[in-house]
Structures are given as C-alpha cells and as structure tokens.
Amino acid sequence: MAPLRRLVVDVLKPHEPPTLTFTQQIAETESVAGVNATLIELDKEVQNVKFTIEGESIDYDVIEEIIEDAGGTIHSVDQVVCGEYIVEDSPTPQD
Amino acid sequence: MGAESDPNSLLDRLGMDKIGPIARRYFVSNGFDGALTGVGVTVGAYLTGVPDGFAVIKIGLGGAVGLTTSGVWSVWEIERAEMRAELHDIEDAMLTDLSETQIEREKTSTQVTNALMSGLGPLFGLVLPLTPFLFEDTALSLLQATILSVAVAVGVLFVFGAYMASISRQRWYIAGIRMGLAGIVVAIISIFLPG
C-alpha cells in the first residue's frame, strides 16, 4: 500500500490536555516527522483544531488512537497525500 | 539558565509543581484545623489534669486519626463528584464517552493528590505539636511540654502563613504572624473556658 505522507484532520478536543501537549504527543509518534496544529474554533468546553501531519509513512491507526486517548475525536479527514512524494493541490481554472 | 539558579528547581524535584492550587488550599486549610485542634487538645488536657505526657499524645493521636480520615474521605468524595460533573459537561460538549481516556486519568490523579494533601495537612498540623510530650518526664515538666506544644503549633501555623505568602507575593512574616496569632487566641480561649 502507498505510504501516507500527509494527513490533514479536523479534531474536536477538550481544553485539557492543552494543544501544546496534544501536538507533542502526536509528534512523538515514530511515523510522524512533523505536525502543525491550528486552532479553528474555540468554545466554552471544547476546541476545534486542524492538525497537519507529515511523515515518510504515517500510521493512521496510531494517530487516531493517540487523539482518542487524549479525549479528542476526528471530525473529518480533510486532506490525504500518499505516494512516492508529496503532491500539492493544483489550482484549476474553475478555482 | 542553569539548574542552580532556577528558584523553582527544588520544588520541581520534589514534585511540588504538580500540586495544584486546590490541593494547596486543602492542605493549608485542614492543616490549620489540625494545628488549632492540637492547641485546644493540649491546653485542655493539661488544665483537666492529665497524669502524664503520654496521655496527651494518645488524646492528640485520636484527634489526628479523626481529622486525617475526615480530610481524606470528604475530599475524595467531593473531588469525585466534581470530577464526574466536569467530565459529564465535557462529554456533553464532545458528544462522546471519555472514560478511560487521558483526561479521565488526569482527573483521577488530581482527585488522589487532593485527597492525600487534605489528609496530610491535619496530620502534620496536629502530630508535630504533640512531640514535646514525648520528652515530658525526662527533660520537660507537663506545663513546659504544654507551653512548648503551643509554641510548636504557632510555629506550624506561621510556616503555613509564610508558605501561602510566598506563592501570593505577600510579606511572609506578616502572613506568618497573622496565621500564628490564631494559635495564641485558641490557647487563651481554652484557658478561660468555664470548667
């Protein structure tokens, strides 16, 4: 199966653990080379964070397990990049 | 910055940085109860004419067991209820079950810390003032042991005050004196109590 090189997920999480700890936990996973966490929405009890995860061969199940163990849920998988190298989204005339 | 110059390094090593403000409040509040109970017990025991220091220690330890158990048990139940309420609020917002997640484990750990600190406070506050009675009959008379015990309790209260001042940027000696004064007030009231 083609290796997963980039994954963008929309996560709903409680305020605790804080985004910093949450992101570090994902980044410490063996298959992950780097993570970007961007706050999308802040509510009284929860927050919506977009995680952009990159690596040579990301293990999705491990990522999902870490997010769920930290109390978060993956709302949607917004971008998936697989293959030999990272292919960026190309603009089309309709855009 | 080197570890030697970091003022928090000792607290970090002792794990004191992990103790939250609620655990601190329980510790000081229940420790205050313990120290003042200690003053009341020792002065009262002396005035009622206990035969020796060992009898005062036995009475004091009985009080310490009661206060420590009360501290641990009540806070365990209070924190358990609070933890469940907080978890339910988050679960309602998340629309998911959070049992056996990191958030539940952390809240349980906080519950344990708070209950332990709540029990340690009165144990520390009550047992320490009883130590002079160990030397009654060898180095001290019963009156001297009682006076020294009140002084130790006032000292414990002073330390509680100074500690709270150190985290709230107040003058430590003023806060210490304010807390210590309570011990002297209880001793005076105990002396003038009818009977």
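Scroll up a little and you will see the structure.
S.K.: Pulling in residues and values, what's your account of the pairing of strand β2 (residues 34-42) of chain A?
M.R.: Residues and elements named next belong to chain A. Here 8 bridges tie β2 to strand β3 (residues 46-54), and the two strands are oriented antiparallel to one another. Within the sheet, the bridge partner assigned to T38 lies in β3 and is K50. Where β2 folds back on β3, the antiparallel hairpin that results is connected by 3 residues.

S.K.: Break down the sheet that holds β2 of chain A for me, with residues and values.
M.R.: With antiparallel pairing, 4 strands are arranged side by side in an open sheet as β2-β3-β1-β4 (chain A). Edge strands, defined here as strands with exactly one partner in the open sheet, are β2 and β4 (73-82) of chain A. Within this sheet the neighbouring strands show an average axis-to-axis angle of 15 degrees, counted without direction. Sheet topology places strand β1 (residues 4-14) of chain A next to β4 of chain A; 8 bridges connect them, and they run antiparallel. Opposite L12 of chain A, over in β4 of chain A, you have T73 of chain A as the bridge partner. Packed on one face of the sheet, helix α3 (residues 53-94) of chain B meets β1, β3 and β4 of chain A and runs near 125 degrees to β1 of chain A.

S.K.: Would you mind going over the nonpolar core in detail, with residue names and values included?
M.R.: Ranked by internal contacts, the top residues of the largest apolar core, which has 16 residues, are I26, F51 and I53 of chain A. For this core, the secondary structure elements donating two or more residues are β1, α1 (19-27), β3 and α2 (60-69) of chain A. Looking at this core, the element that brings in the most residues is β1 of chain A, giving 4 residues. Excluding its chain neighbours within four sequence positions, the residues that come into contact with I26 of chain A are V32, V35, F51, I53, I63, I66 and I67 of chain A. By size, the runner-up hydrophobic cluster in this structure holds 12 residues, among which are I19, V28, A35 and A182 of chain B.

S.K.: An account of a negative patch on the surface is needed here, citing residue identities and associated values.
M.R.: Residue and element names in this part refer to chain A. Together, D59, D61, E65 and E68 line one region of the surface with negative charge. Within the secondary structure layout, E65 lies in helix α2. Residue class for E65 comes out exposed when judged on its relative accessible area of 59%.

Calculation notes
Residues numbered from 1 in each chain as written. Chains lettered and ligands numbered in written order. Predicted model: local features only at pLDDT ≥ 70, side-chain atom pairs only at ≥ 80, totals over all residues. Heavy atoms only, no water. Pairing = 2+ DSSP bridges. Helix = DSSP H or I, 4+ residues; strand = E, 2+ residues; numbered from the N terminus. Axes fitted to C-alpha atoms, helices over the stretch in contact; angles between N-to-C directions. Contact = heavy atoms within 4.5 Å. Core = buried A, V, L, I, M, F, W, Y, C linked by side-chain atoms within 4.5 Å. Buried < 20%, exposed > 50% of the residue type's maximum accessible area, 1.4 Å probe, protein only. Patch = residues over 30% accessible without salt bridge, like charges linked within 9 Å, V, L, I, M, F, W, Y side chains within 5 Å. Areas by Shrake-Rupley, 256 points an atom, 1.4 Å probe, with all protein chains shown as cover. Salt bridge = Lys/Arg side-chain N within 4 Å of Asp/Glu carboxyl O. Lys, Arg positive; Asp, Glu negative; His and termini not counted. Charge placed at Lys NZ, Arg CZ, Asp CG, Glu CD.

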